[in-house]
Amino acid sequence: MSHTADPRLIVALDVPTTDQAWSITQAVGDAVSFYKIGLQLLPVGGMDLCRRLKGAGKDVFLDFKLHDIPATVEKATRSITAGGADLLTVHAEPPVMRAAVAGREGSKLRILGVTVLTSYDDAMLAEMGYAYGARDLVLRRVEQALEAGVDGVVASAHEATEIRQRFGDDFLIVTPGIRPAGADIGDQKRVATPAAALAQGATHLVVGRPVNAAEDPAAAARAIVEEMAGVPA
Ligand code: C5P
């Protein structure tokens, strides 16, 4: 079994403290090279954890889903670049995305647009005043993301197929909701196996509980890496 990390695998550090997050990264070792830090860790040392992971040679995805007036998004993005992270999410509204692109100038930080949160369905979008249903809004926002100059989008494996058909291959699609065959799906509604998600057009997979809640996180990560090896980049 290979112990080499696959740079397309991102493990979500969805735990309450940076100590717990660091322990997971130590347990996983060389099997994973890319970690996601989200809003749960941001207020309790998430940016320090980002710097520590960068110091250890890892890649870091900051899933902060920024959403504010352009001046604030631009300044926040600029502040974030100091942590050396590789990926940052913002909501996929054109002024927000353009501000993030301006704020990351001169750094290697790549920006991802979050199109429509997967917790929203058509009825909720209508209640919030949107004229589009989820599918059409996802596609519209991917188009706007590419126009705004971001590097890619977050999308489910199911959405990835249509996004690739319509908009081509020249941008990142980062896909959560990944479950190895036979794994507990938890609260995710639409899941895909690692190999299926890559085949549907994902460039990166975000995996949380199947690794961070596993009895042996290293073995769980290695099994996913093995499955990914069947689908070349
Ligand atoms: O544990 P699990 O593999 O379900 O974790 C998935 C990760 O991806 C979590 O950090 C979750 O917040 C994130 N995510 C998601 N669906 C989205 C966007 C982000 O599950 N649409």
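Residues numbered from 1 in each chain as written. Predicted model: local features only at pLDDT ≥ 70, side-chain atom pairs only at ≥ 80, totals over all residues. Heavy atoms only, no water.

(A) Focus on the layout of surface pockets. Taken as a whole, the largest pocket encloses approximately 1200 Å³ of empty space. The wall of the largest pocket is formed by 43 residues, among which L117, T118, S119, P176 and Q188 lie closest to the centre. Those elements giving two or more residues to the lining of the largest pocket turn out to be β2 (34-38), β3 (59-66), α5 (122-127), α6 (134-148), α7 (157-167) and β8 (204-207). Residue composition of the lining of the largest pocket, by class: 19 nonpolar, 10 polar and 14 charged. In this structure, the second largest pocket spans a volume of roughly 150 Å³. Lining the second largest pocket are 13 residues, and of these H91, E93, Y120, Y130 and R141 sit closest to its centre. By residue class, the composition of the lining of the second largest pocket is 8 nonpolar, 3 polar and 2 charged. (1 Å grid on protein atoms, 1.4 Å probe; cavity = no way out; pocket = protein on both sides within 12 Å on 5 of 7 lines; lining within 4 Å. Points joined across faces, edges and corners; volume = space filled by probe spheres on them. Helix = DSSP H or I, 4+ residues; strand = E, 2+ residues; numbered from the N terminus. Nonpolar A, V, L, I, M, F, W, Y, C, P; charged D, E, K, R; others polar.)

(B) Just the site of the ligand, in detail. Contacts to the ligand come from A12, D14, K36, T118, P176, R179, Q188, V206, V207, G208, R209 and P210. Contact distances for the ligand include 2.7 Å between an oxygen atom and a side-chain N or O atom of R179. Take G208: an N or O atom from its main chain is 2.8 Å from an oxygen atom of the ligand. Within the complex, 82% of the 470 Å² of free accessible area of the ligand lies under protein. Placement of the ligand is best described as lying within the largest pocket. Sorting the residues of the shell around the ligand by element identifies β8 and α9 (209-212) as the ones contributing at least two each. (Near = heavy atom within 4 Å. Polar contact = N/O pair within 3.5 Å; in protein donor to acceptor, adjacent residues only side chain to side chain. Areas by Shrake-Rupley, 256 points an atom, 1.4 Å probe, with all protein chains shown as cover. Sits in = over half its atoms within 2 Å of the grid points.)

(C) Region of interest: helix α1 (residues 18-28). Listing the buried residues of α1 in full gives T18, A21, W22, I24, T25 and V28. Buried residues along α1 cover an arc of 155° about the axis, so they all sit on one side. Packed against the buried residues of α1 are β2, α2 (46-55), α9 and α10 (217-229). G29 sits one or two positions beyond α1 and adopts a positive phi of about 60°. (Buried < 20%, exposed > 50% of the residue type's maximum accessible area, 1.4 Å probe, protein only. Arc of directions from axis to C-beta. Contact = heavy atoms within 4.5 Å.)

(D) Inspection of the pattern of salt bridges at higher detail. For the structure shown, the criterion picks out 15 salt bridges. In this structure, R78 engages E74 in a salt bridge whose closest nitrogen and oxygen atoms are separated by 3.0 Å. Of this pair, R78 and E74 both sit in helix α3 (residues 70-81), 4 residues apart, roughly one helical turn. Among the residues examined, R78 registers a relative accessible area of 43% and is labelled partly exposed. (Salt bridge = Lys/Arg side-chain N within 4 Å of Asp/Glu carboxyl O.)

(E) Broad picture of unusual backbone geometry. Backbone geometry at K65 places phi at a positive 45°, although glycine is not the residue there. Among the secondary structure elements, K65 is positioned in strand β3.

(F) The packing of aromatic side chains, seen in detail. Under the counting rule described, the total for this entry stands at 0 aromatic pairs. It is K36 that lies over the ring of F61; its NZ or CZ is 6.0 Å from the centre. (Phe/Tyr/Trp six-rings, centres within 6.5 Å; stacked < 30°, edge-to-face > 60°. Lys NZ or Arg CZ within 6 Å of the ring centre and 35° of its normal.)

(G) The environment of T175, seen in detail. Its location among the elements puts T175 in strand β7 (residues 172-175). Sequence separation between T175 and F64 is 111 residues, and the spatial gap between their C-alpha atoms is 16 Å. When residues no more than four places from it in sequence are discounted, the contact partners of T175 are A155, S156, A157, A197, A202, H204, L205 and V206.

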